[in-house]
Amino acid sequence: MDWKAKWLKPANDFGNAAPVFSTDFALSRTVKQARLFITALGVYEAALNGRRIGQFVLAPGWTTYYKRLQYQEYDVTDLLRAENHLTVTVGKGWYHSPMPGFSASDFQKGLAARPMGLLAQLEITYEDGQHSFIVSDESWSVSESAVRFSEIYDGEIYDASFIPPCSVAAETFNGPYETLIEQQGEEIREQERIAAVRIFTTPKGEVVADFGQEITGYVEISVNAKAGEEIRLSHAEVLDKDGCFYTENYRSARAEYCCICRDGQQSCQPRLTFFGFRYIRIDAFPGGPGAGKPENFTAVVLHSQMKRTGRLSCSNPLLNRLFDNIIWGQKGNFVDVPTDCPQRDERLGWTGDAQVFVRTACLNYDTEKFFTKWLADLAADQGEDGYVGHVIPDLLKKQPASAAWGDAAAICPWAVYLAYGNSEILSRQFESMRKWVDYITAHTTTEYLWTGGVHYGDWLGLDAPSGSYKGSSREDFIASAFYAHSASLVIKAGLVLGKDMAAYEALLHNIVSAFRRAYPTYTTQTECVLAAHFHLAEDCQAAADQLALMIKECGTKLQTGFVGTPYLLHVLSDYGHTDLAYSLLLREQYPSWLYPVTKGATTVWEHWDGIMENGDFWSRNMNSFNHYAYGAVADWVYCCAAGITPAEGYPGYSKVRIAPAPDARLDWLEASLDTRHGRIISRWKKQDSLWRYEITTPVDAEVVIDGKTFLVSAGSYIYHSSIQLA
Ligand code: BGC
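Throughout what follows, the structure given in this document is the object of discussion. Each chain has its residues counted from 1, following the order in which its sequence is written. The predicted nature of this model means local features are confined to residues of pLDDT at least 70 and side-chain atom pairs, given and counted, to a pLDDT of 80 or more, with totals for whole chains, interfaces and linings taken over all residues. Hydrogens and waters are ignored; side-chain quantities use all the structure's heavy atoms.

Examining the pairing of strand E9 (residues 131–135)
For two strands to count as paired, DSSP must find a minimum of two bridges between them. Going along the chain from the N terminus, every DSSP run of H or I of four or more residues is numbered as a helix, and every run of E of two or more is numbered as a strand. Where strand E8 (residues 117–126) meets E9, five bridges bridge the pair, whose relative direction is antiparallel. If you follow Leu122 over to E9, its bridge partner there is Ile134. What sits between E8 and E9 in their antiparallel hairpin is a turn of four residues, with Gly129 showing a positive phi close to 90°.

See below:
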């Protein structure tokens, strides 16, 4: 891209007001095509002749800005007239907001010290073959916009009656060109609209609107008002046990929207920020908060533009709600970066959470492009020594790296490769994967294990000692297990790419031997899970049997946290305990996946008991109700319950294995998956005391029923189990 445009910033300090840059130009010849290339240091919204350009909300998205800043290209031919007015409003966005809210990082302070800016280049091609350029430069104007305040955590203030002072000339500055890259990820777009279900008054007298679903996005308000009248909204995920509006778990994020109205019928909404919420409190409204009616409020759902590929359903309504909640968890946390949560003062790309959920993410939606961009940021942020940040983009720069968080560098590319069968992701990430394993090798205090580090452990494991967030599994055990796992993935990736992996094969061999010597016994559910799932145990069957016993001995309850939970049911069903896996999946009492559903959850919670049996909250400050991590269980439902996996050696499902594992506590279950080769459907249901299996495969498949394997070609098949149902 040949940039003729210059970076612009406001000549004066506008304080919190978002600047709006503008230029006017006339066209006298017939235009064949006009393309706008544009980006910002901040987030921008551009309009040509009053009409919004493109659908990308919060463009240019969030990348590791010091190294990679995306620009976008829009075809604006249809928006042009003879006389034209181009405006671009730039808000703080991820670039300038004080992130994370719990400790404004030095890294972010460094970004904030640099100006917010705009770079725009309109390239016009005429019917006669000539070209002209309208580029951001000193001829552009800038003024304060009606967006009086906008920031990621605190929200936005919009003054529709604001009369901008005279524009002044914008100032050019030495902004970045060398870090500019084409749009690489998916665009964030408005995806769905949800009407308010009801408006009610809480015991504290608050007027609250309920959208019936926790979402990420904002509220569009349509109202008839007088100039100067105010609308003020606060956002919340849940009500407290008295039915009152509850925002303590947003911590320092104010998450408020304010609109100062103009005269007449109008509609307003935030433009340069977003919220995670199900409820809004109407703090001010024309005529008073009580004058707000459901028809005044529509929740607008934002997320990255991803194609839905996977669907799960079954005969159990609670489980179906869990499946929906997992989808909503993904929608709400796939806003350009895979985030931990969309509401409190974090909304960060925690690497641990991403690796926990990546397999499920790749089944629910086509996330190849989404992860390709984020993993490129991971690699860009990676230290020379292979260090991988706790969050990507890495605002924290928090040393040292943590096991199971940094391992996202190896786990995510491999999961994306298996899901879509495209080795491009491995070519792009191989160096990053390898460097991560080398980082561990260089930083451990014990050769072939990973000891001496500082880790998050089995984060939020229920066997945590009192007062700790970390489960009781030994940190060195977890770190060493992931060292082996990541090394094994580097080897697999290298072999796909045709590399000589002998050195890493020897390393892995030594890690496994050292692991077996150091950890001959397992003390927690998570330790059993890792030993069996990563094939580290001398006797994986024994490790899985021990796991089953531990679960039964504590009353058929899981105790696992972020590290053990994603593989828990896999280990049970891989080693002959499928019935126990179903018992955990179908359990409705705390702790379980369905417990939050019984408490009315519409997304997946950070804690198994975010709302406890007695209605109290788990905590005030670490209690997100939209944390996708435990939604990773959907992967087991697709792969084990419905039994759909790529056949061994056929990443991307060019050949599939379908080995359904029904359970009599469900009457039927169905999974469908749109792969690059077509739609796979696996459905089982009870019929005349037998299981009836309906399978559709677009490619050759190994079908496993009653332990027998059939090889079939593309088509639809029905099988009946010979095993009589109890
Ligand atoms: C986040 C987690 C994250 C963790 C690190 C939390 O504050 O919300 O999901 O992985 O910190 O342990």
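Alright, that's what it looks like, and here's the rest.
Here's the deal with the sheet that holds strand E2 (residues 19–26)
Spatially, E5-E4-E7-E2-E10-E13 is the arrangement adopted by the six strands of the open sheet, whose pairing is antiparallel. The sheet is open, and its two borders are formed by strand E5 (51–52) and strand E13 (168–169), each paired with just one other strand. Where E2 lies against strand E10 (residues 141–144), four bridges are found, and the strand directions are antiparallel. Its bridge partner being in E10, Ser22 is matched across the sheet by Ser141.

Some details on the pattern of salt bridges
Should a side-chain nitrogen of Lys or Arg be within 4 Å of a carboxyl oxygen of Asp or Glu, the pair is scored as a salt bridge. In the structure shown here, the tally under the stated rule is 46 salt bridges. Residue Lys331 is joined to Glu192 by a salt bridge in which the shortest nitrogen-to-oxygen separation is 2.7 Å. Of this pair, Lys331 sits in helix H3 (residues 317–333) while Glu192 sits in strand E16 (residues 188–195), and the two are 139 residues apart along the sequence. Judged by relative accessible area, Lys331 falls into the buried class, the value being 9%. Note that Arg232 and Glu230 form a salt bridge whose closest N and O atoms lie 2.9 Å from each other. Three labels apply to residues, based on accessible area from a 1.4 Å probe with only protein chains included: buried if under 20% of the type maximum, exposed if over 50%, partly exposed otherwise in between.

A short note on the sheet that holds strand E27 (residues 310–314)
One open sheet holds the five strands; their spatial order is E27-E33-E34-E35-E38, and the pairing between them is antiparallel. Of all strands in the sheet, those with a lone pairing partner are E27 and strand E38 (715–720), marking the two edges. Each strand axis lies, on average, 10° off the axis of its neighbour in the sheet, ignoring direction. Two elements, E27 and strand E33 (residues 668–675), share five bridges in a ladder whose sense is antiparallel. Following the sheet pairing, Ser313 is matched in E33 by Glu670. Residues count as neighbours in contact if any of their non-hydrogen atoms are within 4.5 Å of one another. Working convention: axes come from line fits to C-alpha atoms, limited for helices to the stretch in contact. Angles between N-to-C directions cover 0 to 180 degrees. Here helix H15 (residues 634–641) sits on the sheet in contact with E27, E33 and strand E34 (678–687), set at roughly 80° to E27.

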